[in-house]
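Read off the chains here:
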Protein chains: 2
Amino acid sequence: MAKRAKKKKYVYLFANGKAQGKGTWKELLGGKGAGLAEMTSLGIPVPAGFTITTDVCTEFYKNKRKYPKTLKAEVEAALAKVEKAMEAKFGDPEKPLLLSVRSGARSSMPGMMETVLNIGLTTKTIPGMIARSNNERFVYDAYRRLIMMYSDVVMEKAAGIEPDEDHGIRHQLERELEKMKKARGYKFDTQLTAADLKKLVAIFKKKVVKVLGKPFPDDPMDQLWGGISAVFLSWNGKRAISYRRIEGLPDEWGTAVNVQSMVFGNTGTLSGTGVAFTRNPATGEHSFFGEYLMNAQGEDVVAGIRTPQPINKKQKGNSTLMSLEEEMTPVYRQLVKFQKKLDTHYRDMQDLEFTIEDSKLWMLQTRSGKRNGTAAIRIAVEMVKEKLITKKEALMRVAPHQLDELLHPMVDPAAEKKIRPLAKGLPAGPGGAMGRIVFTADDAEAWANDGKQVILVRNETSPEDVHGMHAAEAILTAKGGMTSHAALVARGWGKCCIVGCGALEIQLKKRTLKVDGITLKEGDWITLNGTRGLVYRGKMDLLSSDPERNPYYKTLMKWADEVRKLGVRTNAEAPEDAALARTFGAQGIGLCRTEHMFFGPERIRAIREMIIAETVEDRRRAVMKLLPYQKKDFMGILKAMAGFPVTIRTLDPPLHEFVTLDRQQTRELARDLGISATRLTARIAQLHELNPMLGHRGCRLGITYPEVTEMQARAIFEAAAELTRQGHKVYPEVMIPLVGTQAELANQREIVERVAREVKKEKGTFPYQVGTMIEVPRACMAADKIAEVAEFFSFGTNDLTQTAFGFSRDDIGGFLPEYLEKKILPDDPFQTLDQEGVGELVAMGVRKGRSTRKNLKIGICGEHGGDPASVEFCHRVGLNYVSCSPYRVPIARLAAAQAVLRK
Amino acid sequence: MAKRAKKKKYVYLFANGKAQGKGTWKELLGGKGAGLAEMTSLGIPVPAGFTITTDVCTEFYKNKRKYPKTLKAEVEAALAKVEKAMEAKFGDPEKPLLLSVRSGARSSMPGMMETVLNIGLTTKTIPGMIARSNNERFVYDAYRRLIMMYSDVVMEKAAGIEPDEDHGIRHQLERELEKMKKARGYKFDTQLTAADLKKLVAIFKKKVVKVLGKPFPDDPMDQLWGGISAVFLSWNGKRAISYRRIEGLPDEWGTAVNVQSMVFGNTGTLSGTGVAFTRNPATGEHSFFGEYLMNAQGEDVVAGIRTPQPINKKQKGNSTLMSLEEEMTPVYRQLVKFQKKLDTHYRDMQDLEFTIEDSKLWMLQTRSGKRNGTAAIRIAVEMVKEKLITKKEALMRVAPHQLDELLHPMVDPAAEKKIRPLAKGLPAGPGGAMGRIVFTADDAEAWANDGKQVILVRNETSPEDVHGMHAAEAILTAKGGMTSHAALVARGWGKCCIVGCGALEIQLKKRTLKVDGITLKEGDWITLNGTRGLVYRGKMDLLSSDPERNPYYKTLMKWADEVRKLGVRTNAEAPEDAALARTFGAQGIGLCRTEHMFFGPERIRAIREMIIAETVEDRRRAVMKLLPYQKKDFMGILKAMAGFPVTIRTLDPPLHEFVTLDRQQTRELARDLGISATRLTARIAQLHELNPMLGHRGCRLGITYPEVTEMQARAIFEAAAELTRQGHKVYPEVMIPLVGTQAELANQREIVERVAREVKKEKGTFPYQVGTMIEVPRACMAADKIAEVAEFFSFGTNDLTQTAFGFSRDDIGGFLPEYLEKKILPDDPFQTLDQEGVGELVAMGVRKGRSTRKNLKIGICGEHGGDPASVEFCHRVGLNYVSCSPYRVPIARLAAAQAVLRK
């Protein structure tokens, strides 16, 4: 390492239109440094400076916080060139050069690391600065800022001193400043005169010695190295570490340090500073957009004390504020030139910082600008039309989850800034919603029928709440995870939903809700941001959206479809959902659950009769009562998806889900079935399971109660035969759930195929396939055997995640938050497929499955089918399609296209 | 196939001291055919005959029940040679040869397939037979037997006619026979005279025509081919199929058919027939053992109408019956010669059948004799001493589960034959036990304290029943599987236990038990056969056993230890159990659970306090109260196992298991803890989980409550340090349960290692290791990563089976019986490791684990550690040791030795 280090170049100069670095060297120079180098090379005026590379940061931490030996010499050499370029000298009494020291990681970490400005101001250089700027107040203001910042960032934080907040040096100096303002009767800092500031500086210096035990450094090189160290040390500061955890950035990247000549926007009325975007970051419109302030420093623009001015007349609208276009037309024209150059050069919307010092425009930063979903799509599509980027690049420019903004109404971000949320839960269904609180499904339905907007608030939901969930604007639950009942149902409908909001204390009897010290009653208004999992009190503005009217969206999705290899299907069980999913681009149904079809009053009666039956004949008779209903269900869904395959899963949940009855209902049902309530209760008790997730469900039901499979197969095939006769192209695929062994599937397949033969004889022909859901680890291990009897696999990654980890999705709330916080898991594995474990099982299932059946069709129908990272994984392991809830179909389409492009 | 068939030989002759087949060709000739061929070659007098190979059976079923073309000619050629050897002719009026047709599969399937005797008796040959035997009654008796057997087996069953039992031809003919006996005033068949039988034969023939629509065949070749077909068809008869299912024999094997000259033990007083064993099958003693009857056919010996006579004087004892040694000394001497020859030739105890026809001894069968465990061991060890077999062969001669008979008292098999069991459950704890029924753990303890023997009968047991389970002779539960709580605890103590006995209807309040239409009360006696899962009413004789006093057992186990590569440890949590296991040969503890240690009154108080605690400090304080107790526990167990490693698992079960309280207990605990009952109830409710098996347990507890791990580590290490200082050699291994990711283990390991450092500083040094239980599929997939931070793996195959299949062991009762019956699973995967699925996961875990840590120590501590087939698997995949309950240690030792030898 030491040997290699000698050859390494650690410092990259940018000055006078020449840069040693390049815009693409972000790994080495950080984003900021690379941008400064690139702008310099483009001939854009950038204050001269140099970048100390991220390698230095890495070696600094490797070598017990020591710098490489050659660094000092390199810094000094670069500094000499900067002095030459800026025609000033660092520490020079007459023409002093001031420097800024800023962090710059590969990827922006705003506010997470330290910055020190005005380095080089010392008792020796102050007179020179005053002479040069002809502005004594400005110089002393800069000096007092330097002392405040430096003593805090370098002398205290970087030295590892950790006083209480009240006793921190910054706080103490601020108190001195306030004291002086009070004594003078000033309201604003700007009222302080040069004399005041001069005096304040003296007070500050004394305070520094007193508090920190050593004087404020008066040597410019000491100041410079102090600043550099502070930046490197801040890479491992608490804020930066926790930010990296959240954003998933590796600790090994390290930060670069940018040392750059200071330019000042606050030297007088011909100076100013601003930020701008090369295109509108909220709408994507191709027009220059920005804000600035005259006679100000960068921090003033964002601080919110003064109202920034619009950058041009177009943006000004009805504002009475002067625009830069009007106030400093030549500078504005120059800025527009740079804007165009950078937008074109980077072929992306740029976020710019600039400073005007005595009418001279300096560009301080360029980087890809943050934008919302609507803007991202428009910019990407328009840049293709402008021939700046290719279609493929455009597809990579939009993060799939950004499409959510177009698919759901959103809470107005501006409104959200103004109000503190009451609570935070898991963002189970994206979008925003507002409504009055109701606590039961029946209330939700009743209130909605009265024309009221309601939000259904419950501890958790069950299939019996479905009518109320449907009636509600949104669903909020105190328990459950991302694949809980509420989450699954809500996502299926594209409904806003927050689950696992543990802070809620629901008192159902009182019809109240306690949260964050406040008690809310039934009927009170709340607003949910389901995209972020935030609950607000009261009504808030919602921004509506209709993707079908957005031509950019439509163009982008068309391009995505041209590129992607993965099919995208939807999970749906109602014809309306199927139809909706088609408008979102679904190419079939990957999972049509059948159990919810059993909950209508007539049907539940039959299924309960079946459960109670003691002989095979009685059971059969009860089951067959369901045939006409199921057939109608399948007619509807097959017709709605005509032309595409529809994968229908046979009955999956444990039977006790159909007999959760209270005492009264038990008595009624017993009377109805003509048996004693005691016997009924005993039978229901018999169905109780300690771990229903691992119990008598899935194909285990079909094996012990073959008549259920038979009835369902018959319903599917009679529907298919009838529709085929009517000229519809239908492709039912019968999917057997929870298979772990070949024999299980063979058993069920035999029934299905026999019924198919019978129905074909009776009602005419139709195409069909039989396959299975792969959702227990054993099925992945035995996939070769299972594929011998399966025409398709569909990975049920919800259950596979449960069984692979041994995590109950209903109970994970007890430890998942801590797991994520302690980084024991990088993500909720029910949201993003765990590639190391569950993904390995999937990959093995694919490999083994295709080893015995080459053309095995393989899909995924777990919730991961709509998660972009998981979709990419599905593409990589060679799946044929993903299936997800209707509102996630566009997301999956884009993610599937990106997966191809990323490979 | 047709081409190959031409070259194939289908018929193998044995006649005149020469045989075309060999004793080792069981696959081709079946066991019986191979034995007959071998005996013939050994010069032992065997009635001449030939074997039609199992290939014919296979081809018969492949080719739509047609025989290979060449078969007929081969049979005829062989028959000609048989005629020559026996000096008689099939169908010949003067010297007629009679034949038997018998099945003979590779492995014995007693009574499952058909046999036809006396083939060749026709109206033409009867006079010749009478002349030859000089016994008209004997010939007509043989003829009526032929008609009864043939009309049933060949004409009715093989033809696929399925009348009601009452209308079956056999039944109808039997009615005719009874009618005649009644008319004549006879009590026994033997009273029928030749004339009676002659008349009866005529009646039979008419009945056959009437019932079956065609006459009884009078052509000997028709009879022969009818018999052959009947045997082949019976291979796929219901009885044979279900037998193969139960015994796990493949359908593809097929049966051979043995056509053999008839010899008769019932031609008069110089004839007889018998069965014998070359050594005593009950004790293993090396002495000839058998029974015979004069003037009788083989079926009479086993039918139980006449009392068979002992074969020799030694065996006779005090019996007044004559022995063969006395009755026919020359024949006996000849038989002893054959006995010795066969015992030595086969180098195994043989089960022989013989017939004496007019003073001439014929041997009809030799095969390996069935024997019990005690006999198996003695025979094996003695045969080594007799230099007949090697030690290695001896080790293969004893089925590991046969050791159970030596380790537990057994219900006397003779007693069991006489009484029908009340019910059958899962054989969870081997051995026999009898006692009075009690229904609660408290009653069990109270009655036992009064000196009464009790059997605890419950729907299921929980940790709170442990005191009563301990006090009881045996445990019987209506629910649960082979790894339910009751099963695990009972096996740990070597206690007889039957679980999942679904037929029991327990009415706890009434203190009664309904089963099989009978109501048993508290205090009633029952007897359990835990080895077979049978429940009997009343008291039955038990045979006690003490392996330590059995020199053959000790010798065999010594040999096993010389051969085996796998270590054998025990699962134990109490010093007594550890000590017991040492006497059984355990080389350490593979799983010491710690949760049961928390159930003492003082301890449960502390753990409950910990659960209720709201701050980390309170929790810590509560947990630390457990430290002295835990330390004492670990002192005990480490000392009891000194010299060997002890793997201690940190807390595993979900916390709600510690707070199952009724209302009264809740109130008391609340008062005790100084909180409101409502708050306590709320906290307990919060702990409720839908799927506790997949919930907040295992290392998830240690991660969210690090103080628990810390306390346990401290208790282990303080105990280890103290014992080490006292001069004991202790090797604690800290095992973290339910790990799925590297980060989980790393988190817990950090705590354990920190505590180890602290304790070493405070109390002195000690050795230790940290490792993990591999019990979720994800851990197998990520075993390479996990091994980086684990010094050992221990496969927890109970939970791994649960998660791999998605089977809850507590709920599997709902479908497992049907799964086994329908052959969807070959075995209960909780008893015998599922090698295709779970085993693949284990193999992958081993491979991946050792890929990053070459010398990773790997064991298994699931219940499979004591299952012979699973032990073999463990050896094959390269585990270092298996761990099982103390009473299974000898079984595992032998199985481990066999695994080496089998490889």
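None of these values were measured; they are calculated from a predicted model.

A tally of helices and strands in chain A yields 38 helices and 34 strands. With the C-alpha coordinates aligned to their principal axes, the bounding extent of chain A is approximately 105 × 60 × 55 Å. By residue count, 59% of the 903 residues in chain A fall in the buried class. Taking the intrachain contacts of chain A between residues at least 6 apart in sequence as the baseline, contacts between residues at least 24 apart amount to 68%. Seen as two clouds, the 135 positive and the 110 negative side-chain charges of chain A have centres 4 Å apart.

In this section: the side chain of Glu-382 of chain A. Residues and elements named next belong to chain A. Of note, Glu-382 is situated in helix 15 (residues 373–385). Here Glu-382 falls in the buried class, since its relative accessible area comes to 14%. Within the structure, Glu-382 has its side chain in polar contact with the side chain of Tyr-552 (distance 3.3 Å). Apart from the residues within four sequence positions on either side, Glu-382 is in contact with Arg-279, Gly-284, His-286 and Tyr-552.

All names here are of chain A. Read around the closed barrel, eight strands run 27-28-29-30-31-32-33-34, paired in parallel fashion. When the angles between neighbouring strand axes are averaged without regard to direction, this sheet yields 25°. Where helix 38 (residues 889–902) meets the sheet, its contacts fall on strand 27 (567–571) and strand 34 (881–884), and the angle it forms with strand 27 comes to roughly 160°.

Let's shift gears to the environment of Gln-350 of chain B. Residues and elements named next belong to chain B. Within the fold, Gln-350 resides in strand 12 (residues 350–357). In this structure Gln-350 comes out as buried when scored by relative accessible area, which is 1%. The spatial distance from the C-alpha of Gln-350 to the C-alpha of Ala-869 is 26 Å, given a sequence separation of 519 residues. Within polar-contact distance, the side chain of Gln-350 engages the side chain of Thr-366 at 2.7 Å.

Here we come to the packing of aromatic side chains. Applying the stated rule across the entire model yields 42 aromatic pairs over all chains. Measuring from ring centre to ring centre gives 6.2 Å for Phe-288 of chain A and Tyr-332 of chain A, while their planes differ by 35°; the resulting arrangement is tilted. Here Phe-288 of chain A is found in the loop between strand 9 (272–277) and strand 10 (289–294), whereas its partner Tyr-332 of chain A is found in helix 14 (residues 329–346), with 44 residues between them in sequence. In this structure Tyr-332 of chain A comes out as buried when scored by relative accessible area, which is 8%. Pairwise contacts between aromatic rings join Phe-60, Tyr-61, Tyr-67, Trp-225 and Phe-232 of chain A into one cluster. A cation over a ring is seen here: Lys-9 of chain A above Tyr-12 of chain A, with NZ or CZ 5.0 Å from the ring centre. Positioned above the aromatic ring of Trp-362 of chain B, the side-chain terminus of Lys-360 of chain B is 4.4 Å from the ring centre.

With an RMSD of 0.3 Å, the operation that places chain B on chain A is a rotation of 179° combined with a shift of 0.2 Å along the axis. On the angle and the small slide along the axis, the relation comes out as a two-fold axis. Relative to the rotation axis, the closest C-alpha in chain B is found at Asn-691 of chain B, a distance of 2.1 Å. Here 100% of the interface residues in chain B have copies in chain A that are interface residues too; the copies meet face to matching face.

Residues and elements named next belong to chain A. As enumerated under the stated definition, the model contains 133 salt bridges over all chains in all. Salt-bridge contacts for Arg-697 lead to Asp-799; the nearest nitrogen and oxygen are separated by 2.9 Å. Pair noted here: Arg-697 is in the loop between helix 28 (677–687) and helix 29 (699–704) and Asp-799 is in helix 34 (residues 797–805), with a separation of 102 residues, a long-range link. Look at Asp-799 and you get buried, because its relative accessible area is 6%.

All names here are of chain B. The residue Arg-170 is located in helix 7 (residues 169–184) in this model. For Arg-170, a relative accessible area of 31% corresponds to the partly exposed category. The residues contacting Arg-170, other than those within four sequence positions of it, are Met-148, Met-149 and Asp-152.

Let's shift gears to the sheet that holds strand 21 (residues 505–507) of chain B. All names here are of chain B. The strand order across the open sheet built from three strands is 21-22-23, with neighbouring strands paired in antiparallel fashion. Edge positions in the open sheet fall to strand 21 and strand 23 (518–521), since each of these has one partner strand only. Across this sheet, the average inter-strand angle for adjacent strands is 20°, counted without regard to direction. Bridge count between strand 21 and strand 22 (residues 512–515): three bridges; the pairing is antiparallel. Paired with Ile-506 across the bridge in strand 22 is Leu-513.

Within the largest apolar cluster, 284 residues are counted, with the highest numbers of intra-cluster contacts made by Phe-717 of chain A together with Phe-717 of chain B. Filtering out sequence-adjacent residues up to four positions away, Phe-717 of chain A remains in contact with Val-734, Val-752, Val-755, Ala-756, Val-759, Phe-766 and Tyr-768 of chain A.

Take helix 26 (residues 627–640) of chain A next. In a regular helix each residue adds 1.5 Å, so 14 residues correspond to 20 Å; helix 26 of chain A covers 20 Å between its end C-alpha atoms and thus fits that length. Within helix 26 of chain A, burial applies to Leu-627, Gln-630, Lys-631, Asp-633, Phe-634, Met-635, Ile-637 and Leu-638 of chain A.

Another aspect to go through is the interface of chain B and chain A. Quoted interface sizes are often the accessible area lost when the parts come together. Counting residues at the interface gives 46 residues for chain B and 46 residues for chain A. Of the roughly 4200 Å² buried where chain B meets chain A, counting both sides, 56% is carbon and sulfur surface. The interface formed by chain B and chain A includes eight salt bridges. A per-element tally of the side of chain B that touches chain A places helix 36 (residues 835–852) of chain B first, with six residues.

A low pLDDT means the predicted coordinates there should not be read in detail. Chain-level statistics for chain A give a pLDDT mean of 92 and a share of 99% at 70 or above. Below pLDDT 50 for its whole length, residues 1–5 of chain A participates in four contacts with residues either more than four positions away or in separate chains.

Moving on, we come to the environment of Leu-456 of chain B. Residue and element names in this part refer to chain B. Position of Leu-456 among the secondary structure elements: in strand 18 (residues 454–458). In this structure Leu-456 comes out as buried when scored by relative accessible area, which is 1%. Between the C-alpha atom of Leu-456 and that of Pro-281, which follows or precedes it by 175 residues, the distance is 35 Å. In this structure, Leu-456 is in contact with Val-438, Phe-439, Thr-440, Ala-441, Ala-444, Gly-468, Met-469, Ala-472, Ala-474, Ile-475 and Leu-476, ignoring residues within four places of it in sequence.

With that settled, the discussion passes to the pairing of strand 20 (residues 496–499) of chain B. Residue and element names in this part refer to chain B. Of the two faces of strand 20, the one lined by Cys-496 and Ile-498 and the one lined by Cys-497 and Val-499 are each fully buried. Relative to strand 20, strand 16 (residues 426–429) runs antiparallel, the two being bridged by three bridges. The residue of strand 20 that forms the bridge with Pro-427 is Ile-498. Handedness of the β-α-β unit built from strand 19 (residues 474–477), helix 21 (residues 485–493) and strand 20 comes out right-handed.

Residue and element names in this part refer to chain A. Its 13 residues place the ends of helix 22 (residues 551–563) 19 Å apart at the C-alpha level, agreeing with the 18 Å of an ideal helix rising 1.5 Å per residue. Along helix 22, the positions that sit buried rather than exposed are Tyr-553, Thr-555, Leu-556, Met-557, Trp-559, Ala-560 and Val-563. Contacts from the buried residues of helix 22 go to helix 15, helix 16 (391–396), helix 17 (404–407) and helix 38. For helix 22, the N-terminal capping position is held by Asn-550, with its side-chain oxygen 2.9 Å away from the main-chain nitrogen of Tyr-552.

Cut-offs and rules
- Residues numbered from 1 in each chain as written.
- Chains lettered and ligands numbered in written order.
- Predicted model: local features only at pLDDT ≥ 70, side-chain atom pairs only at ≥ 80, totals over all residues.
- Heavy atoms only, no water.
- Helix = DSSP H or I, 4+ residues; strand = E, 2+ residues; numbered from the N terminus.
- Buried < 20%, exposed > 50% of the residue type's maximum accessible area, 1.4 Å probe, protein only.
- Contact = heavy atoms within 4.5 Å.
- Lys, Arg positive; Asp, Glu negative; His and termini not counted.
- Charge placed at Lys NZ, Arg CZ, Asp CG, Glu CD.
- Polar contact = N/O pair within 3.5 Å; in protein donor to acceptor, adjacent residues only side chain to side chain.
- Pairing = 2+ DSSP bridges.
- Axes fitted to C-alpha atoms, helices over the stretch in contact; angles between N-to-C directions.
- Phe/Tyr/Trp six-rings, centres within 6.5 Å; stacked < 30°, edge-to-face > 60°.
- Lys NZ or Arg CZ within 6 Å of the ring centre and 35° of its normal.
- Least-squares fit on C-alpha atoms with pLDDT ≥ 70 in both.
- Salt bridge = Lys/Arg side-chain N within 4 Å of Asp/Glu carboxyl O.
- Core = buried A, V, L, I, M, F, W, Y, C linked by side-chain atoms within 4.5 Å.
- Expected span 1.5 Å × (residues − 1).
- Buried area = accessible area lost by both parts, 1.4 Å probe.
- pLDDT = per-residue confidence, 0-100.
- Right-handed = clockwise from strand over helix to strand, strands pointing away.

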